[in-house]
Amino acid sequence: MKKPGSVPFQAVLLFLGIVLLVRLALTHPSPFLLFQPDLLAAALFLYAPFLYYRRGKAPPWLRAGNAGRNVLAALALAAGGTLAYFLYAWLPLPPSLAPYSGPRPPLWEMLFRQGLLVALPEEVFFRGYLYDAFEEKGWEPVLSSSALFAAGHLLIYSSWYRALTLFPGLLLGGGRKIAGNIYVPILLHLLFNLLPYLAGGPR
């Protein structure tokens, strides 16, 4: 990797703009469907990056790559992330740091929402577009994209627990680095977001 150059300001400003719009949607509810925070975030994170790629070749993170490496990366990172989650959830934590344990919707709703409205658009933006933007400037892309991933969670809805998204972000970035695509991070992101549900809610 080359020596770090300037910060990719265009990408960072796009990130801040999306976060600000989603934050406004949270604090100023709208009757329009598109301006619901979840849908707005999904639409912006999913489609905004393609404005950057529209004049060139398809982004490299859309290529499937080596299937064997993808499977091994997904299994290893899924195992590590799942183990870390259960060890963390086992700790006697204050409510502000404890994993979510509120009402749980039906599994099909969780899969739809977490898959199509969270994991897919966020990985396109963070492990696709932002990862590329930092890498092209010579920055370490896993740490840089993960730091903004955690910052976005905090700026949209602040809590100590959401600050910890830095750590799964590093695993997701590792998945992108190893596999060379966003398919492994998408699957991992979905799994990690489903862990509180699969764990059976509160202890």
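Above this text sits the structure in question.
Just so you know, these numbers come straight off a predicted model, no measurement behind them.

*Asks:* Got a sec to walk through the environment of F9? Specific residues and values, please.
*Replies:* Here F9 is to be found in helix α1 (residues 9-27). On a C-alpha basis, the gap between F9 and W139 in space is 13 Å, while along the polypeptide they are 130 residues apart.

*Asks:* Go over α1, please, and point to the residues and values.
*Replies:* Between the first and last C-alpha of α1 there are 27 Å, a value that for 19 residues agrees with the 27 Å anticipated at 1.5 Å per step. Listed as buried for α1 are A11, V12, F15, I18, V19, V22 and A25. For α1, the buried positions fall inside an angular range of 155° around the axis, keeping them on one side. For α1, the exposed residues lying more than 90 degrees away from the buried face are F9, Q10, L13 and L20. The secondary structure elements touched by the buried residues of α1 are α2 (37-53), α4 (107-136) and α5 (141-156).

*Asks:* Can you explain helix α7 (residues 166-179)? Please cite residues and give values.
*Replies:* Here α7 contains 14 residues, and its C-alpha end-to-end distance of 20 Å stays within 8% of the 20 Å for a straight helix at 1.5 Å per residue. Just downstream of α7 lies G180, where phi reads positive at about 80°.

*Asks:* Tell me what's going on with the pattern of salt bridges, and back it up with residues and numbers.
*Replies:* Scanning the model with the defined rule gives four salt bridges in all. R113 is paired through a salt bridge with D38; the nearest N and O atoms lie 2.5 Å apart. Of the two residues, R113 is situated in helix α4 and D38 in helix α2; the sequence distance between them amounts to 75 residues. In this structure, R176 engages D132 in a salt bridge whose closest nitrogen and oxygen atoms are separated by 3.0 Å.

*Asks:* If you had to explain the packing of α7 against helix α8 (residues 183-198) to someone new, which residues and values would you point to?
*Replies:* Two elements in contact, α7 and α8, have axes whose closest approach is 8 Å; the angle formed by their N-to-C orientations is 155°. The angle between α7 and α8 falls in the class roughly antiparallel. As α7 packs across α8, the resulting crossing turns out to be right-handed. Contacts between α7 and α8 involve P168, L171, L172, G175, R176 and A179 from the first element and V184, P185, L188, H189 and F192 from the second. Partitioning the contact of α7 with α8 into residue classes produces eight nonpolar, two polar and one charged.

About the criteria used
- Residues numbered from 1 in each chain as written.
- Predicted model: local features only at pLDDT ≥ 70, side-chain atom pairs only at ≥ 80, totals over all residues.
- Heavy atoms only, no water.
- Helix = DSSP H or I, 4+ residues; strand = E, 2+ residues; numbered from the N terminus.
- Expected span 1.5 Å × (residues − 1).
- Buried < 20%, exposed > 50% of the residue type's maximum accessible area, 1.4 Å probe, protein only.
- Arc of directions from axis to C-beta.
- Contact = heavy atoms within 4.5 Å.
- Salt bridge = Lys/Arg side-chain N within 4 Å of Asp/Glu carboxyl O.
- Axes fitted to C-alpha atoms, helices over the stretch in contact; angles between N-to-C directions.
- Parallel < 35°, antiparallel > 145°, perpendicular 65-115°, else oblique.
- Left-handed = near helix turned anticlockwise from the far one by under 90°.
- Nonpolar A, V, L, I, M, F, W, Y, C, P; charged D, E, K, R; others polar.

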